[in-house]
Amino acid sequence: MRIWIDVENATGTRQGDGPILSATNWRSEARLDQAGTFSFSMPASDSRAALVLAKSVVRCYGIVGGVITELGAGIVDRIEATVGNPTMLTVSGSDMLR
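1. With respect to the pattern of salt bridges
Here comes step 1: Applying the stated criterion across every chain yields a total of seven salt bridges.
Here comes step 2: Salt-bridge contacts for Arg27 lead to Glu29; the nearest nitrogen and oxygen are separated by 3.4 Å.
Here comes step 3: Among the ionic pairs, Asp77 bridges to Lys55, the shortest N-O distance being 3.3 Å. Taken together, the residues Asp77 in strand 5 (residues 67-82) and Lys55 in the loop between strand 3 (37-43) and strand 4 (57-64) connect sequence positions 22 residues apart.
Here comes step 4: On the basis of relative accessible area, Asp77 is assigned to the partly exposed category, the value being 27%.
Here comes step 5: A relative accessible area of 53% means that Lys55 is categorised as exposed.

Here is the structure:
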């Protein structure tokens, strides 16, 4: 499935000149008794990686049944780099219930 991720600032304004298209995955975990979590990975070399800052909001979209659908959203808490070819960023945090 093709996914894309919008990055928003604290007021909900989309950042940058478009969504992150290079994300390789999106994972979210809902929890019954507390806020859930999310994570995604993307190449560190993507020019839009600079948009992903701590406390920004990220929203992941994909096409489900022919309809653009929000797959998850959350607040960025951690950004970790894994050196390799290419170097990848893993972005994670709590979902919007936080």
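Further notes follow.
2. Quick look at the packing of aromatic side chains
Here comes step 1: Summed over the entire model, instances satisfying the criterion amount to three aromatic pairs.
Here comes step 2: Judged by centre distance (6.3 Å) and plane angle (20°), the rings of Trp4 and Tyr61 are stacked. Taken as a pair, Trp4 in strand 1 (residues 3-8) and Tyr61 in strand 4 lie far apart in primary sequence, 57 residues in all.
Here comes step 3: According to the relative accessible area criterion, Trp4 is buried, its value standing at 12%.
Here comes step 4: Residue Tyr61 is classed as buried on the basis of its relative accessible area of 18%.

3. Overview of the sheet that holds strand 5
Here comes step 1: Spatially, six strands are ordered 1-4-5-6-3-2 in an open sheet, and the strand pairing comes out antiparallel. The outermost strands of the open sheet, each flanked by one partner alone, are strand 1 and strand 2 (25-29). Neighbour to neighbour, the strand axes of the sheet diverge by 35° on average, direction disregarded.
Here comes step 2: Two elements, strand 3 and strand 6 (residues 88-95), share seven bridges in a ladder whose sense is antiparallel. Bridging across to strand 6, Ser39 finds its partner in Ser92.

4. Details of unusual backbone geometry
Here comes step 1: Of the consecutive residues Asn85 and Pro86, the connecting peptide bond is found in the cis state with omega at 10°.
Here comes step 2: Its location among the elements puts Pro86 in the loop between strand 5 and strand 6.
Here comes step 3: The phi torsion at Lys55 lies on the positive side, around 75°, for a residue other than glycine.

5. Details of the nonpolar core
Here comes step 1: Ile5, Trp26, Phe40 and Val58 are the most contacted members of the largest nonpolar core, which has 16 residues in total.
Here comes step 2: Those elements that place two or more of their residues in this core are strand 1, strand 3, strand 4 and strand 6.
Here comes step 3: Aside from chain neighbours lying at most four places away, what touches Ile5 is Pro19, Ile20, Ala23, Trp26, Phe40, Val58, Arg59 and Cys60.

What counts, and at which threshold
- Residues numbered from 1 in each chain as written.
- Predicted model: local features only at pLDDT ≥ 70, side-chain atom pairs only at ≥ 80, totals over all residues.
- Heavy atoms only, no water.
- Salt bridge = Lys/Arg side-chain N within 4 Å of Asp/Glu carboxyl O.
- Helix = DSSP H or I, 4+ residues; strand = E, 2+ residues; numbered from the N terminus.
- Buried < 20%, exposed > 50% of the residue type's maximum accessible area, 1.4 Å probe, protein only.
- Phe/Tyr/Trp six-rings, centres within 6.5 Å; stacked < 30°, edge-to-face > 60°.
- Pairing = 2+ DSSP bridges.
- Axes fitted to C-alpha atoms, helices over the stretch in contact; angles between N-to-C directions.
- Core = buried A, V, L, I, M, F, W, Y, C linked by side-chain atoms within 4.5 Å.
- Contact = heavy atoms within 4.5 Å.

Limitation: the analysis is restricted to geometry and does not speak to function.
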